[in-house]
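# Coordinate analysis (summary)
The lines below spell out each chain.
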Amino acid sequence: MSCFRGFETICQADAALAERTWYKLGGSARGLLTPTDRVQLGALVQRCHEQGIGWRVLGRGANLLVGDEGFDGAVICLSHKSFATLTADGERLTVGGGADFPKLIRAAINRGLVGLEALAGIPGTLGGVVRMNAGGRHGEMRQFVESVELLTSAGEIELRSAAQLGFSYRHSDLDGCVVLATTMKLAKGDPAEAMQRHREIWNEKYASQPAVSERSAGCIFKNPAGQSAGKLLDESGLKGTRVGGAEISHKHANFIVADEGASASDVLKLIEIARARVRAHANIHLELEIEVWESSEAERNVTWKSQASKSDRMINAGRGT
Ligand code: EPU
């Protein structure tokens, strides 16, 4: 894959993505890249920018449906430990975007820093949680974010305050950026109490939702203002509706679970059936909460070619060569 000259050791061509998502569905990425530090990541994003290659960041794949055709671009994975560092300063924690969010909640509690347990049961990396302002009945991520250090689509590092991140319900303006690190302001509190609250919220969530062992991507649709998507889907009689190996959960109608033999296109068809039924029943258009990776026509048509470029110089400068 000559367009990623200089990145050979961290680039896997035609990499299966299904096994990297909770859904375990979908095709491959043309290139899967696992940078080992910020310099390499910056150079990589710069290279994609120069060559017009589409790219996405893969976290834990918990809120993601990869299309059966896969993604005809570069998938960047921040699984290296250098993207999961944690520094504490009083009630503030600054943590790398690749850090595992459920582990971070427990690490914060163990340091006597509380608040994040309101988000118990949300899987993913910190970057993914911040980017979609993940949350639920007990809170959402933006309550804790002070600032984010990010990499723009042109490969530049920027520090943005929470006010500059355009947070709203399940949304931020971080699309097209990589979350390098997030500074959170938590509160000092009793670890035992926070752990107890963590357990209660976790139990409450999984009493009403499919088990973690079931293949899903969490809630499929966002809640429309003042309404519950799950309730609307349920009232539209959709529980148990099946396409191929995909089924609208009997336990919570805003989940589509995948069984043996399911394909991504089964899930996508079920999404359209559910949307049409809720439109007919309640005249409401449901917006997707999950992310769907399918290549655009333009991304499919990009030729990956070899090219000496500014990103080569960035890699070399970073390595002191
Ligand atoms: N309901 C039904 N039928 C259903 C599902 C729900 O009648 O099939 C009713 C419930 O009885 C309840 C209301 O709808 O009265 C709301 O349901 P729930 O408490 O389950 O909350 P939700 O709004 O459906 C939100 C988040 C979840 C989060 C929960 C709990 C969204 C889209 N969903 O669900 O987040 O876990 O609150 O905090 O904001 C996710 O983001 O992937 C996710 C699952």
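This text follows the structure it describes.
Please read all numbers here as calculations on a predicted model, not as lab measurements.

## Focus: the side chain of asparagine 133
Note that asparagine 133 resides in the loop between helix 3 (126-131) and strand 9 (135-136). A distance of 2.9 Å separates a polar side-chain atom of asparagine 133 from the backbone nitrogen of arginine 142. A polar side-chain atom of asparagine 133 sits 2.8 Å from the main-chain carbonyl oxygen of serine 168. For asparagine 133, the contacting residues outside a window of four places in its chain are Glu140, Met141, Arg142, Phe167, Ser168, Tyr169, Arg170 and His171.

## A word on the site of the ligand
Neighbouring the ligand are 20 residues, the closest being Arg137, Cys219, Asn223, Asp234 and Ala253. A distance of 2.8 Å is found between an oxygen atom of the ligand and a side-chain nitrogen or oxygen belonging to tyrosine 169. Glutamate 289 places a side-chain nitrogen or oxygen 2.9 Å from an oxygen atom of the ligand. Protein chains bury 76% of the 830 Å² of accessible surface belonging to the ligand in isolation. Counting only elements with at least two residues in the shell around the ligand, the list comes to strand 9 and helix 5 (229-235).

## Comments concerning the pattern of salt bridges
On inspection of all chains with the given rule, the structure shows 18 salt bridges. Between aspartate 175 and arginine 131 there is a salt bridge, and its shortest N-O distance comes to 2.9 Å. Here arginine 131 lies in helix 3 and aspartate 175 lies in the loop between strand 12 (157-161) and strand 13 (178-185), a separation of 44 residues in the sequence. On the basis of relative accessible area, arginine 131 is assigned to the partly exposed category, the value being 26%. With a closest N to O distance of 3.1 Å, glutamate 291 and arginine 131 form a salt bridge. Taken together, the residues span a long stretch of sequence, with glutamate 291 in strand 18 (residues 291-293) and arginine 131 in helix 3 at a distance of 160 residues. A relative accessible area of 25% means that glutamate 291 is categorised as partly exposed.

## Some words on helix 1 (residues 38-51)
Helix length check: helix 1, at 14 residues, gives a terminal C-alpha distance of 20 Å against a target of 20 Å (1.5 Å per residue), a fit within 8%. Across the 14 residues that make up helix 1, a large majority, 10, are buried. Every buried residue belonging to helix 1 is among Gln40, Leu41, Gly42, Ala43, Leu44, Val45, Gln46, Arg47, Cys48 and Gln51, and all of these are buried. Residue aspartate 37 occupies the N-cap position of helix 1, its side-chain oxygen lying 3.2 Å from the main-chain nitrogen of valine 39.

## Side note on the sheet that holds strand 7 (residues 92-96)
Strand order in the open sheet made by the five strands is 6-7-13-11-12, with antiparallel pairing throughout. Of all strands in the sheet, those with a lone pairing partner are strand 6 (86-89) and strand 12, marking the two edges. Adjacent strand axes in the sheet meet at a mean angle of 15°, parallel and antiparallel pairs treated alike.

## Observations concerning the packing of aromatic side chains
Enumeration over the complete set of coordinates arrives at three aromatic pairs. Ring geometry for phenylalanine 71 versus tryptophan 293: centroids 6.1 Å apart, planes at 50°, classification tilted. Of the two residues, phenylalanine 71 sits in strand 5 (residues 71-77) while tryptophan 293 sits in strand 18, which places them 222 residues apart along the sequence. Exposure class is identical for phenylalanine 71 and tryptophan 293. Each is buried. Where tryptophan 202 meets tyrosine 206, the ring centres are 4.4 Å apart and the plane angle is 45°; that geometry is what we call tilted. Taken together, the residues span about one helical turn, with tryptophan 202 and tyrosine 206 both in helix 4 (residues 191-208) at a distance of four residues. The class for tryptophan 202 is partly exposed, based on a relative accessible area of 33%. Owing to a relative accessible area of 15%, tyrosine 206 belongs among the buried residues under this scheme.

Criteria and cut-off values
Residues numbered from 1 in each chain as written. Predicted model: local features only at pLDDT ≥ 70, side-chain atom pairs only at ≥ 80, totals over all residues. Heavy atoms only, no water. Helix = DSSP H or I, 4+ residues; strand = E, 2+ residues; numbered from the N terminus. Polar contact = N/O pair within 3.5 Å; in protein donor to acceptor, adjacent residues only side chain to side chain. Contact = heavy atoms within 4.5 Å. Near = heavy atom within 4 Å. Areas by Shrake-Rupley, 256 points an atom, 1.4 Å probe, with all protein chains shown as cover. Salt bridge = Lys/Arg side-chain N within 4 Å of Asp/Glu carboxyl O. Buried < 20%, exposed > 50% of the residue type's maximum accessible area, 1.4 Å probe, protein only. Expected span 1.5 Å × (residues − 1). Pairing = 2+ DSSP bridges. Axes fitted to C-alpha atoms, helices over the stretch in contact; angles between N-to-C directions. Phe/Tyr/Trp six-rings, centres within 6.5 Å; stacked < 30°, edge-to-face > 60°.

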